[in-house]
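As a plain string of letters, each chain reads:
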Amino acid sequence: FFITYINMKKIFLVGASGFLGLNFIKTYKKKYDIYAHVNKRKLSITGIKTVKININNINELKNFTIKKKIQIIINFAGLTSIEKCEKNKKEAFISNVVIPKNLKIVAKFYKIRLLHISTDQLFSGKKKNRYSEESYCKPLNYYGKTKLIGEKKIKNYDKTLILRTNFFGSLNENHDSITNKIINNIKVKNKVFLWSNIYFTPLFFINLIKIIDLMIVKKVKGIFNVSSNEKISKYEFGIILSKIFNLDTTYIIKNKFDKNKFVNRPKNMCLENKKLINKFKFLKKKLSIEKQIKDFK
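A few points on the structure. The model shown is predicted, which means the values in this text are computed figures rather than measured ones.

## Some remarks on the sheet that holds strand S2 (residues 33-37)
Strand-to-strand pairing in sheets goes through backbone hydrogen bonds, with the strands running parallel or antiparallel.
Right, so step 1: One open sheet accounts for 7 strands, arranged S3-S2-S1-S4-S5-S6-S11; its pairing is parallel. Among the strands making up the open sheet, the edge pair consists of strand S3 (49-51) and strand S11 (222-226). Across the sheet, the axes of successive neighbouring strands diverge by a mean angle of 20°, strand direction being ignored.
Right, so step 2: Along the sheet face, helix H4 (residues 89-110) touches strand S1 (10-14), strand S4 (72-75) and strand S5 (113-117) and points at about 175° away from the line of S4.

## A short note on the pattern of salt bridges
Right, so step 1: Considering all chains together, one arrives at 8 salt bridges under this definition.
Right, so step 2: Put simply, Arg130 and Glu272 hold a salt bridge, and the shortest N to O gap is 3.4 Å. Taken as a pair, Arg130 in the loop between S5 and helix H5 (142-154) and Glu272 in the loop between strand S13 (252-255) and helix H9 (274-279) lie far apart in primary sequence, 142 residues in all. The pair formed by Arg130 and Glu272 is uniform in burial state, with each residue classed as buried.
Right, so step 3: One salt bridge in this structure joins Lys291 and Asp295, with 2.9 Å as the shortest N-O distance. Highlighted residues: Lys291 and Asp295, both in helix H10 (residues 289-296), separated by 4 residues, approximately one helical turn.
Right, so step 4: By relative accessible area, which is 37% here, Asp295 ends up partly exposed.
Right, so step 5: One network of salt bridges, with partners in common, ties together Lys10, Asp33 and Lys49.

## Concerning helix H7 (residues 205-217)
Right, so step 1: Spanning 13 residues, H7 covers 19 Å between terminal C-alpha atoms, matching the ideal 18 Å at 1.5 Å per step.
Right, so step 2: Across the 13 residues of H7, 12 count as buried, placing the element largely inside the fold.
Right, so step 3: All buried positions along H7 are accounted for by Phe205, Asn207, Leu208, Ile209, Lys210, Ile211, Ile212, Asp213, Leu214, Met215, Ile216 and Val217.
Right, so step 4: The positive-phi residue at the C-terminal boundary of H7 is Lys219, with phi of around 55°.

Calculation criteria
Sequence positions are assigned chain by chain, starting from 1 and proceeding in written order. Predicted model: local features are reported for residues with pLDDT of at least 70 only, side-chain atom pairs are reported and counted for 80 or more only, and whole-chain, interface and lining totals are derived from all residues. Side-chain metrics rest on all non-hydrogen atoms present in the structure, leaving aside hydrogens and water. A pair of strands is treated as paired once DSSP finds two or more bridges between them. Segments assigned H or I by DSSP are reported as helices when at least four residues long, segments assigned E as strands when at least two residues long, and all are numbered from the N terminus. Axis angles are defined between N-to-C directions and span 0 to 180 degrees, where every axis is a line fitted to C-alpha atoms and, for a helix, only to the segment in contact. Whether two residues touch is decided by their heavy atoms; if any such pair falls within 4.5 Å, the residues are in contact. Salt bridge, as used here: a side-chain nitrogen of Lys or Arg that lies within 4 Å of a carboxyl oxygen of Asp or Glu. Each residue gets one of three labels from its accessible area relative to the maximum for its type: buried under 20%, exposed over 50%, partly exposed in between, using a 1.4 Å probe on protein chains only. Expected span of a helix: the number of residues minus one, times 1.5 Å.

Structure representation (structure tokens):
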């Protein structure tokens, strides 16, 4: 569901060297005039302008934004590893709170749009049903806490769009993802232990990228859950993925999450996507888990 757009919007993309950033750039480099922020990792994508500025320096950010006539700031940056956030709390706070706050200050100063990627790790997980955009937030780990603070720092700006999500789908050997873990281990006949008591609503990353594009074009703002239609456990996800990829499901071993062995996280991370579907009704048929895994294959 690509949408054509005549005037190329000037986008400043933060987190350009991450998995989502790279794939957004590859998909839309001909549609948008993208300025990709780079830090330590270099980008080698033809036709993309890379930018190396200090995003913790508000004046530097402002000067760049006005000079290049940026129209939209997209923030894909963030420290997303739950374990790393617990061990490196200062880095987590800067990545998940300070950076989005700085980007909001600049976006608000020039009255331009800000799009920010959030998480499904914002809740206690005690609720049986899925969490809506209005559900009470009570994160169980430092990652979730910093992402929630980050949201609070930017949501009061009326041109902000916050997308809460959890995405899958990478065969890049260097990308640490649930799909890589399952596929790569089964191929070499290793057992894969997956939690049967942790539930989520994963989205195929290509669909997320397309929805981001759709929301840019339609000038959507506010907070939206961008998720699959069904609630599923990590174990059930592994079984369906293995069957669709014609892999031996006997290597998928059911396991129970134990907070004494791992950093605590909600057992129910499931997001309700009714608000998204109500706005874009054609998406409903595209967001079933089985269809998305087939699309991934």
